[in-house]
Amino acid sequence: MKRIAYIVGVGLIVSTLFMSCENLLDLTPQDRLTGGDYFKNEEQLELYSNKFYLDILPGDGNIYRDNADALIVSPLDEQTSGQRLVPETGGGWDWAPLRNINFLLEHSHNCEDIQVREKYNAVARFFRAYFYFEKVKRFGDVPWYDEVLGSDSPELYKARDSREFVMEKIMEDLNYAISVFKESNRAKDLYRVTWWTALALKSRVGLFEGTYRKYHGLSGYEKYLTDCVNASDEIMKASGGYALYQSGALSYRNLFKSDNAVQTEVILARNYNSSLNLTHQAQAFENSPTLGRPGLSKKLVNYYLMKDGTRFTDQADYETVEFKDEVKNRDPRLEQTIRTSNININVTMTGYHLIKYANDNANYTGGSSNDLPLFRLAEVYLNYAEAKAELGTLTQSDLDNTINRLRTRAGVTGKLNLNDANQNPDPYMTASESGYIHVSGANQGIILEIRRERTIELIMEGFRYYDLMRWKEGQAMAQAFEGIYLPETAINVGYDIDGDGTKDVCFYTTATQPNAGNVSYVQLSPTGTGTTLSNGDHGNLLCYAWIDRTWNEDRDYLFPVPRQEISLSQGVVKQNPEWGE
């Protein structure tokens, strides 16, 4: 019932929906649905395609549990911790949603209304592009299927098609959807794919593939980056389009805590509704001591600029600034992403208590009903600026129309200058301990600044891991996972973490808990098997120091193919490089 009710969030009437779904399931169950007796009108095409939103688009934890190097959680994902093994089955090698898409495409001709038929063919091809984009990101080469296969079809175990072939097919699907939607589906819709959504996905795909090819030494990167630029530019310039949401000093925070997605900026969102018991766990994830104890890494906090646009890491003492001081006069998005007061130290392993998506109740751990954005204009701005920087065609005007608009909305008074950035690249962001080691050339400085902006603006939106993959910066997983800085005088005593005059917490290294009064107590491990201090009796909170998070540059940018798939194909399906056992 919850699955059916969710479709209400994408525009159907409750009573009609329940009746239609129940009749469909009673009379023609999905596993016995035949093409000849269905797909005859828009209602049937729409109803069938609703499953694509549920099966293909990310939901709940796949969005905000942005586990890589910038958001530290417990437990670490295997790809972050370096503990991946070749799975026997599963591992993301799942094609069931694709069969549903191809089934609609094979039988949509039953609908005699050509415009309706083409519209839902475009919907299906959008989702096929999305599906395959995720597969290419994960595995590289994958088998391309554009028809429904039977359970005994030999094509089920054919060799993997080349990355280039599959990416061309993805772009064909997106171009078809964009062309059809421009005539029949151009109106903005928060919960259904439209012309705008197809362009936004093309922007995302073009940036990913273009930069992946550039940094991994594959040919043809310019074509994909140009696709990104053109798709982004069309969104940015089209009449009746989108703008950055503005609601005063807390615009960034309000954008994500809004119960209904803000259509001014959000192109597509996941719809949640508490009255229908459709909720997610973002705030519980942030406020519960049992759902991962997530927190920003110290590295990411260091990336946030000062409010005037200067670099925090240019300050002589930045490494030893305590929390109460490091959050002062910073890019206002920092205090709209983490709590700077009323901090519950027991729910964050790094000391940076998250607030993005949350309401003001720091103790609330129930379900949340605010919508989760999937595509928004800010990402399009970032895609456009990065693609042009990588192509070497970025201008100051481009920056003013993208990155500097984001900074202005956030409240950062200093603006990004193209020449200044390239003449003075940030040494913190080029260091192997804290930055990116593969950026070089005349645009090094501006590319680093765009990456800074992207990481800050899109944190907890599901981008970070694959951003690192496309930049060939997996070594970031092996960098120290640090949290707030604690001086020696803050250990084994009551400590005022936020500077409000009240002692909040006692971090202790002794075997027994000291008596520091009515505060929260956090034991730091002296043996290195838990959270420790980077310098023994003082320093940054240090997470997962006991795990060997070595990154294998020849292997780890792609996931392994399950053993069963290789076995059933009699070796026709090949394993990814270096994943042999």
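Draft legend 1. Local environment of the confidence of the model for the protein chain. Of the residues in the protein chain, 94% have a pLDDT of 70 or more, and the chain-wide mean is 93. Predicted confidence for residues 1-31 stays below pLDDT 50, and this span has 48 contacts to residues more than four positions away or in other chains.

Draft legend 2. Up close: unusual backbone geometry. Between S74 and P75 the backbone carries a cis peptide bond, its omega angle lying at -10 degrees. Among the secondary structure elements, P75 is positioned in the loop between β1 (71-72) and α5 (78-81). Positive phi outside glycine occurs at F39, with the angle close to 65 degrees. Mapped onto the elements of the fold, F39 is located in the loop between α2 (14-27) and α3 (42-56). Look at M460: it is not a glycine, yet its phi comes out positive at around 70 degrees. Along the chain, M460 falls in the loop between α20 (444-457) and α21 (464-470). Here M460 falls in the buried class, since its relative accessible area comes to 0%.

Draft legend 3. Just the packing of helix α9 (residues 195-215) against helix α15 (residues 377-391), in detail. Running from amino to carboxyl end, α9 crosses α15 at an angle of 30 degrees, the nearest separation of the two axes being 10 Å. Considering how the two elements wind past one another, α9 and α15 form a crossing that is left-handed. For the pair α9 and α15, the contacting residues are S203, R204, L207, T211, K214 and Y215 in the first and E379, N383, E386, A387 and E390 in the second.

Draft legend 4. Spatial organisation of the environment of L255. Among the secondary structure elements, L255 is positioned in helix α11 (residues 251-257). Exposure remark for L255: the relative accessible area of 2% places this residue in the buried category. Discounting residues that sit within four places of it in the chain, L255 has contacts with Y245, V262, E265, V266, R376 and R409.

Draft legend 5. Representation of the pairing of strand β5 (residues 481-486) in the model. In terms of burial, β5 is largely enclosed, as five of its six residues are buried. Across four bridges, β5 lies against strand β9 (residues 539-543) in antiparallel orientation. Considered in β9, the bridge of L486 is made with G539.

Draft legend 6. The arrangement of the nonpolar core in detail. Residues F127, Y132, I170, L296, I446 and F507 are the most contacted members of the largest nonpolar core, which totals 155 residues. Per-element accounting of this core gives the leading share, 14 residues, to helix α7 (residues 114-139). Once you skip the residues sitting within four places of it in the chain, F127 turns out to touch F52, Y53, I56, L57, I101 and V193.

Draft legend 7. Expanded view of the pattern of salt bridges. For the structure on display, the rule yields 45 salt bridges. In this structure, E265 engages R409 in a salt bridge whose closest nitrogen and oxygen atoms are separated by 2.8 Å. With E265 in the loop between α11 and β2 (266-270) and R409 in helix α17 (residues 403-410), this residue pair connects regions lying 144 residues apart in the sequence. We note that E265, like R409, is buried. The shortest N-O distance in the salt bridge between D556 and R555 comes to 2.6 Å. On the basis of relative accessibility, which here comes to 3%, the residue D556 falls in the buried class.

Thresholds, definitions, all that
- Residues numbered from 1 in each chain as written.
- Predicted model: local features only at pLDDT ≥ 70, side-chain atom pairs only at ≥ 80, totals over all residues.
- Heavy atoms only, no water.
- pLDDT = per-residue confidence, 0-100.
- Contact = heavy atoms within 4.5 Å.
- Helix = DSSP H or I, 4+ residues; strand = E, 2+ residues; numbered from the N terminus.
- Buried < 20%, exposed > 50% of the residue type's maximum accessible area, 1.4 Å probe, protein only.
- Axes fitted to C-alpha atoms, helices over the stretch in contact; angles between N-to-C directions.
- Left-handed = near helix turned anticlockwise from the far one by under 90°.
- Pairing = 2+ DSSP bridges.
- Core = buried A, V, L, I, M, F, W, Y, C linked by side-chain atoms within 4.5 Å.
- Salt bridge = Lys/Arg side-chain N within 4 Å of Asp/Glu carboxyl O.

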